[in-house]
Amino acid sequence: MTPLISANQLEEIINSGENVLLCDCRFDLVDPLIGKKSYEESHIPGAIYVDLDKDLSGTKTGSNGRHPLPSPEAWAQTKARLGISPNTLVVAYDKQGSVYASRLWWMLKATGHANVRVLDGGLDAWNGPMGNIPRAPTPCTQAIAVMPYAGLVLVDEVVSNLNSQKYKIVDARTEDRFHGQNETLDPIGGHIPGAMNRFFKNNLSATAFKAPELLFKEFSEFLGPIKASEVIHQCGSGVTACHNLLAMELAGFKGSRLYAGSWSEWCADPKRPVEL
């Protein structure tokens, strides 16, 4: 199943009466309240709001990054609260190039929920009706099974990889932040030693993902002989890294993994090396 769904396909599904849970994932790292405010002003009718900080992140400790994953137990409870039962078709969208929608996509896929798609082009691609009546989630009537995150990489494995270089780290941040310049989100600039840089917006043409054939060509040239299973994605806080992971899957490169703690976790420990 492709990770994407077009606006026309989504409208057909909605009009057919098929059960679909629309998740509005709009967010802004600088202004965390603006996403929900935008949702309340206008959204695809029937969509619920899914908040990066409150729903897609766990408790911050000061050393585990800016958007740590919730525990598998907490995430199962959140899925139940949002009404994401095992058979639910989930369609996620945002207005930021599908960055936050990709985070929800990965978290669901990684915990065994295969029936999830990202609206290609996000809200900018939607030509159907819009509504302004917020919808409260309808919680599941049964508990959701707790599943570990498949494909999750913890910081200790990244540290061990510094010497072995068994895996290639792919950093989704902007080139200047990768090189330690213009860092405004994290206290220290730079990148994990040995990492490669692919800015997530390189996956897009305007607001939609590039064609799979073009992404295949670009990732083939970028990775060279490196296999998808040897790739670990990271970014600033484990969000835009999901965008690169989705793009690789779209291109046919399956099996790459996510270091969710990313740079914000890495740089929290001064013992870990930094490369500029």
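Provided above is the structure to which this section pertains.
Residues numbered from 1 in each chain as written. Predicted model: local features only at pLDDT ≥ 70, side-chain atom pairs only at ≥ 80, totals over all residues. Heavy atoms only, no water.

A. How the structure looks around a nonpolar patch on the surface. A cluster of nonpolar side chains, Leu29, Val30 and Leu185, forms an exposed patch at the surface whose accessible area comes to about 260 Å². Here Leu185 lies in the loop between helix H6 (175–178) and strand S8 (196–197). (Patch = residues over 30% accessible without salt bridge, like charges linked within 9 Å, V, L, I, M, F, W, Y side chains within 5 Å. Areas by Shrake-Rupley, 256 points an atom, 1.4 Å probe, with all protein chains shown as cover. Salt bridge = Lys/Arg side-chain N within 4 Å of Asp/Glu carboxyl O. Helix = DSSP H or I, 4+ residues; strand = E, 2+ residues; numbered from the N terminus.)

B. Examining the packing of aromatic side chains more closely. Under the criterion given, the structure shown has five aromatic pairs. Relative to Tyr100, the ring of Phe27 has its centre 5.6 Å away and its plane inclined at 65°; by these criteria the two rings are edge-to-face. Of this pair, Phe27 sits in the loop between strand S2 (20–24) and helix H2 (34–41) while Tyr100 is found in helix H4 (residues 99–110), placing the two residues 73 residues apart along the sequence. With respect to class, Phe27 is no different from Tyr100; both count as buried. Across from the ring centre of Phe219, 4.3 Å away, lies the NZ or CZ of Arg198, which sits over that ring. (Phe/Tyr/Trp six-rings, centres within 6.5 Å; stacked < 30°, edge-to-face > 60°. Buried < 20%, exposed > 50% of the residue type's maximum accessible area, 1.4 Å probe, protein only. Lys NZ or Arg CZ within 6 Å of the ring centre and 35° of its normal.)

C. Highlighting unusual backbone geometry. Although it is not a glycine, Ser98 sits at a positive phi angle of roughly 70°. With respect to the helices, strands and loops of the structure, Ser98 is situated in the loop between strand S4 (89–93) and H4. Even without a glycine there, the phi angle at Ala206 is positive, about 60°. Counting through the fold element by element, Ala206 comes out in the loop between strand S9 (204–205) and strand S10 (208–209).

D. Molecular detail of the sheet that holds strand S7 (residues 168–171). Spatially, five strands are ordered S6-S12-S11-S7-S8 in an open sheet, and the strand pairing comes out parallel. Only two strands of the sheet have a single neighbouring strand rather than two, namely strand S6 (152–153) and S8. Relative to strand S11 (residues 231–234), S7 is paired through four bridges, and the arrangement is parallel. Looking across to S11, one finds that Ile169 is bridged to Ile232. (Pairing = 2+ DSSP bridges.)

E. Local environment of the packing of helix H7 (residues 212–223) against helix H8 (residues 240–250). Packing of H7 against H8 leaves a shortest axis separation of 8 Å and a crossing angle of 110°. With respect to each other, H7 and H8 are oriented roughly perpendicular. Considering only the axes of H7 and H8, their crossing is left-handed. On H8, the residues touching Pro212, Leu215, Phe219 and Leu223 of H7 are Asn244, Ala247, Met248 and Leu250. Residues belonging to the contact of H7 with H8 are distributed by class as follows: seven nonpolar, one polar and no charged. (Axes fitted to C-alpha atoms, helices over the stretch in contact; angles between N-to-C directions. Parallel < 35°, antiparallel > 145°, perpendicular 65-115°, else oblique. Left-handed = near helix turned anticlockwise from the far one by under 90°. Contact = heavy atoms within 4.5 Å. Nonpolar A, V, L, I, M, F, W, Y, C, P; charged D, E, K, R; others polar.)

F. The arrangement of the side chain of Ser102 in detail. Within the secondary structure layout, Ser102 lies in helix H4. A relative accessible area of 0% places Ser102 in the buried class. The contacts of Ser102, once residues within four sequence positions are left out, are Val118, Phe209, Cys242, His243 and Leu246.

G. Expanded view of the pairing of strand S5 (residues 116–119). Of the two faces of S5, both are covered, the one formed by Val116 and Val118 as well as the one formed by Arg117 and Leu119. Bridging between strand S1 (residues 4–5) and S5 involves two bridges; their strand directions are parallel. Bridge pairing in S5 places Leu4 opposite Val118. Here S4 pairs with S5 via three bridges, running parallel. When the sheet's bridge partners are listed, Val90 is paired in S5 with Val116. Taken together, S4, H4 and S5 constitute a β-α-β crossover, and its handedness is right-handed. (Right-handed = clockwise from strand over helix to strand, strands pointing away.)

H. Just the sheet that holds S1, in detail. Pairing in this open sheet of five strands is parallel, and the strands run S1-S5-S4-S2-S3 from one edge to the other. Because the sheet does not close on itself, it has two edges, and the strands there are S1 and strand S3 (48–49). Here S2 pairs with S3 via two bridges, running parallel. Bridging from a neighbouring strand, Asp24 pairs with Tyr49 of S3. Contacts from H4 reach S2, S4 and S5, with the element oriented near 170° to S5.

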